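Below, each chain spelled out in residue letters.
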2 protein chains.
Amino acid sequence: MKIALVGGTHGNEPVGIEVMSLFKLTKKSFTNDYQSFWGNPKAFEQKRRYIDCDLNRAFGKNAIRKGYEGERAKKLEEEIKGSFDFCIDLHTTTSNMGLTAILNNTHPLTQKAARFLKLEMPEVTLIEEDKLDKECNHLNRLCPAGLTIEVGPVANNVVNAELVLKTHKIVEKLLNFDFNFEVKQTPIEVYKMLGVRKYPEKKGWYIHPSLEGADFTELKKGAPLFINIDREVIELEEEGPIYPFFINEAAYLEHQSAFLVAEKRQAFTDPS
Amino acid sequence: MKIALVGGTHGNEPVGIEVMSLFKLTKKSFTNDYQSFWGNPKAFEQKRRYIDCDLNRAFGKNAIRKGYEGERAKKLEEEIKGSFDFCIDLHTTTSNMGLTAILNNTHPLTQKAARFLKLEMPEVTLIEEDKLDKECNHLNRLCPAGLTIEVGPVANNVVNAELVLKTHKIVEKLLNFDFNFEVKQTPIEVYKMLGVRKYPEKKGWYIHPSLEGADFTELKKGAPLFINIDREVIELEEEGPIYPFFINEAAYLEHQSAFLVAEKRQAFTDPS
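Calculation notes
- Residues numbered from 1 in each chain as written.
- Chains lettered and ligands numbered in written order.
- Predicted model: local features only at pLDDT ≥ 70, side-chain atom pairs only at ≥ 80, totals over all residues.
- Heavy atoms only, no water.
- Contact = heavy atoms within 4.5 Å.
- Buried area = accessible area lost by both parts, 1.4 Å probe.
- Salt bridge = Lys/Arg side-chain N within 4 Å of Asp/Glu carboxyl O.
- Polar contact = N/O pair within 3.5 Å; in protein donor to acceptor, adjacent residues only side chain to side chain.
- Helix = DSSP H or I, 4+ residues; strand = E, 2+ residues; numbered from the N terminus.
- Nonpolar A, V, L, I, M, F, W, Y, C, P; charged D, E, K, R; others polar.
- Axes fitted to C-alpha atoms, helices over the stretch in contact; angles between N-to-C directions.
- Parallel < 35°, antiparallel > 145°, perpendicular 65-115°, else oblique.
- Left-handed = near helix turned anticlockwise from the far one by under 90°.
- Pairing = 2+ DSSP bridges.
- Buried < 20%, exposed > 50% of the residue type's maximum accessible area, 1.4 Å probe, protein only.
- Least-squares fit on C-alpha atoms with pLDDT ≥ 70 in both.

Q: Before we move on, can you summarise the interface of chain B and chain A with the specific residues and values?
A: Contact with chain B, which involves 33 residues of that partner, is made by 33 residues of chain A. Here chain B packs against chain A, burying approximately 2,900 Å² in sum over the two surfaces, 64% of which is carbon and sulfur. Considering only the surface of chain B that becomes buried against chain A, Leu165, Tyr206 and Ile229 of chain B emerge as the three largest contributors, covering 22% of it. Inspection of the region where chain B meets chain A yields four salt bridges. Applying the counting rule to chain B against chain A returns four residue pairs in polar contact (both at pLDDT 80 or more). Of all the secondary-structure elements, those providing two or more residues to the side of chain B that touches chain A are helix 1 (14-26), helix 5 (161-175), strand 8 (205-207) and strand 9 (224-228) of chain B. When residues in the side of chain B that touches chain A are grouped by element, the largest group, five residues, is from helix 5 of chain B. Residue classes in the side of chain B that touches chain A are distributed as 14 nonpolar, 11 polar and eight charged.

Right, dumping it as structure tokens:
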């Protein structure tokens with residue numbers, strides 16, 4: 001198996017770049033071949049998520065490409081597409097999500113690798129996106145299979161040792177994974193993304209302090225979601241349970257997204 | 001007393017801007033007159049600390065001025081200098097510093113306001129900078145007296161309700177403070193900044209997980225400071241005690257600053 005390891009797809013997430021450079025420093029060899037790619041060097045220089053458009057929305061039929069990231073997307077496509085079997089794309093979040101692996105396709109090798117990772121490191125939370133396979137416009141669609149590694153909480157432009165070392169461990173596990181290995185098809189806990197919860201349209205509403213940092217906790221009807229200066233509270237109206245994640249992620253504020261909503265499932269979506 | 005309230009001096013610290021807009025929404029009146037100023041609107045649009053140079057290093061005889069922030073500094077100088085007695089400049093940090101008020105001058109009204117704040121809200125930590133009065137190049141040198149309010153932890157470009165509401169409370173206290181009031185000259189806990197601790201020059205060293213988030217805790221000889229991928233540790237060599245703060249602040253990484261170092265004192269520096 002040939003693995004493409006991508007770090008720094010977002011310029012203000014230096015943990016992934018550090019992890020790539022640690023692999024360069026130590027020069028170990030692994031079960032699988034791999035090659036590293038630095039996603040967005042110019043955005044890193046400017047300490048921004050992106051310059052002209054989000055490089056992690058620039059692939060597949062729903063790609064949005066502009067300016068510098070448009071060029072980078074083309075270049076990475078030339079270098080990676082058709083030459084690698086599996087993509088690992090390294091990210092961080094300002095949300096309190098711990099260690100997560102995100103599936104955005106139903107390829108059997110993606111699901112096998114996710115199962116393997118959960119068995120080896122039970123502290124990893126598995127997330128399956130709402131838009132899968134051809135609907136997905138993320139970078140790891142450059143390969144038939146792949147996982148996005150998303151770890152937090154860490155502020156943008158901050159390197160956190162624990163997250164560097166743990167992300168390094170996750171990547172090491174995947175680089176050493178024998179993809180021919182038969183992983184048992186037992187039930188597996190996966191958070192299936194359902195949608196986005198936006199901020200109230202009126203100004204002056206914030207995520208309620210009890211929700212802050214509470215990623216993946218169960219929310220039921222009446223759970224406090226938002227608060228304002230008069231201490232008024234907006235509560236969850238639906239019955240639930242729902243599971244919030246990406247709560248107060250810095251990058252999602254521009255789309256007025258307060259958090260994403262998931263349900264808990266016991267299996268991945270069947271391969272299409 | 002006329003107070004200048006400045007928020008968004010750094011473009012990626014939206015908490016201060018939210019606090020200003022809450023005061024606009026509620027339109028209360030206070031003991032002191034005040035006017036709000038949005039420090040760096042263009043950097044906010046671009047979600048960056050600054051465009052061309054740090055607006056919070058652009059004042060006084062040690063000012064560094066370039067491009068857009070050079071223009072903004074001149075404009076704010078025209079609007080604020082000579083017209084206001086006291087400046088409150090609102091900031092956030094990615095470090096786990098809680099609520100802090102930073103003194104960077106020895107003006108009696110600065111020290112009086114800091115004492116008052118500590119009496120009213122004992123959870124506020126007082127910090128005195130190393131460079132005071134004419135040596136200081138921060139924005140609040142636009143007024144004879146003033147405080148920088150620095151709260152955290154919060155990631156850049158994130159609005160945290162608790163920090164918004166608490167910063168709002170601090171500002172409200174200061175706007176209602178009778179500056180003629182005689183505050184008792186009892187001993188007062190203040191962290192006096194002594195210097196900067198830089199990262200090791202060699203690549204691949206990170207702030208030790210036990211130091212992460214440990215702002216204002218006492219460090220003595222042997223305390224772990226840095227760690228690398230081989231789990232080697234660099235420890236504090238001096239006897240101590242020292243008190244670290246601004247640990248892993250995103251903006252200080254560009255100067256290789258791992259944290260700032262303070263000692264604990266029982267009094268402010270005497271007015272010069």
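Q: Any chance you could break down the packing of helix 1 (residues 14-26) of chain A against helix 5 (residues 161-175) of chain A for me, citing the residues and the numbers?
A: Residue and element names in this part refer to chain A. At a closest axis distance of 9 Å, the pairing of helix 1 and helix 5 adopts a crossing angle of 55°. Accordingly, the angle class assigned to the pair helix 1 and helix 5 is oblique. Note that helix 1 runs across helix 5; the crossing there is right-handed. Taken together, the residues of helix 5 that come into contact with helix 1 (itself represented by Val15, Glu18, Val19, Leu22 and Phe23) are Leu163, Val164, Thr167, His168, Val171, Glu172 and Leu175. By residue class, the composition of the contact of helix 1 with helix 5 is eight nonpolar, two polar and two charged.

Q: Report on the sheet that holds strand 2 (residues 33-38) of chain B, specifying residues and quantitative values.
A: Through backbone hydrogen bonds, the strands of a sheet pair up, either in parallel or in antiparallel fashion. All names here are of chain B. Pairing is mixed across the open sheet formed by nine strands, whose spatial order is 2-1-3-6-4-5-7-12-11. Looking at strand neighbours, the two that pair on one side only are strand 2 and strand 11 (243-245), the edges of this open sheet. Ignoring strand direction, the axes of neighbouring strands in this sheet form an average angle of 30°. Relative to strand 6 (residues 145-152), strand 4 (residues 98-103) runs antiparallel, the two sharing five bridges. Its bridge partner being in strand 6, Gly98 is matched across the sheet by Gly152. Contacts from helix 4 (residues 108-120) reach strand 3 (86-92), strand 4, strand 5 (125-128) and strand 6, with the element oriented near 40° to strand 6.

Q: Requested: an account of the pattern of salt bridges, with residues and values cited.
A: Taken as a whole, this structure holds 30 salt bridges over all chains when the rule is applied. Lys221 of chain A is the salt-bridge partner of Glu239 of chain A, the closest N and O atoms lying 3.7 Å from each other. Here Lys221 of chain A lies in the loop between strand 8 (206-207) and strand 9 (224-227) and Glu239 of chain A lies in the loop between strand 10 (233-235) and strand 11 (243-245), a separation of 18 residues in the sequence. In this structure, the salt-bridge partner of Asp54 of chain B is Arg49 of chain B, at a minimum N-O distance of 3.1 Å. Per residue, the accessibility class of Asp54 of chain B equals that of Arg49 of chain B, and both read buried. It is possible to trace a salt-bridge network through shared partners that takes in Glu13, Arg49 and Asp54 of chain A.

Q: Break down the relation of the copies chain B and chain A for me, citing the residues and quoting the values.
A: Between the two copies of this chain, the relationship is a rotation about some axis together with a displacement along it. Taken as rigid bodies, chain B and chain A are interconverted by a rotation of 180° and an axial shift of 0.0 Å, the fit giving an RMSD of 0.0 Å. Taken together, these values place the two copies in the relation of a two-fold axis. For chain B, the residue whose C-alpha comes nearest the rotation axis is Ala155 of chain B, separated from it by 2.1 Å. Of the residues that chain B buries at the interface, 100% are likewise interface residues in chain A, meaning the two copies contact each other through the same surface.

Q: Talk me through the sheet that holds strand 1 (residues 2-7) of chain A; I want residue IDs and the actual numbers.
A: Residues and elements named next belong to chain A. Read across the open sheet, the nine strands follow the order 2-1-3-6-4-5-7-12-11; overall the sheet is mixed. What marks the edges here is a single partner per strand, and that holds for strand 2 (33-38) and strand 11. When the angles between neighbouring strand axes are averaged without regard to direction, this sheet yields 30°. Bridge count for strand 1 against strand 3 (residues 86-92) is four bridges, and the pairing is parallel.

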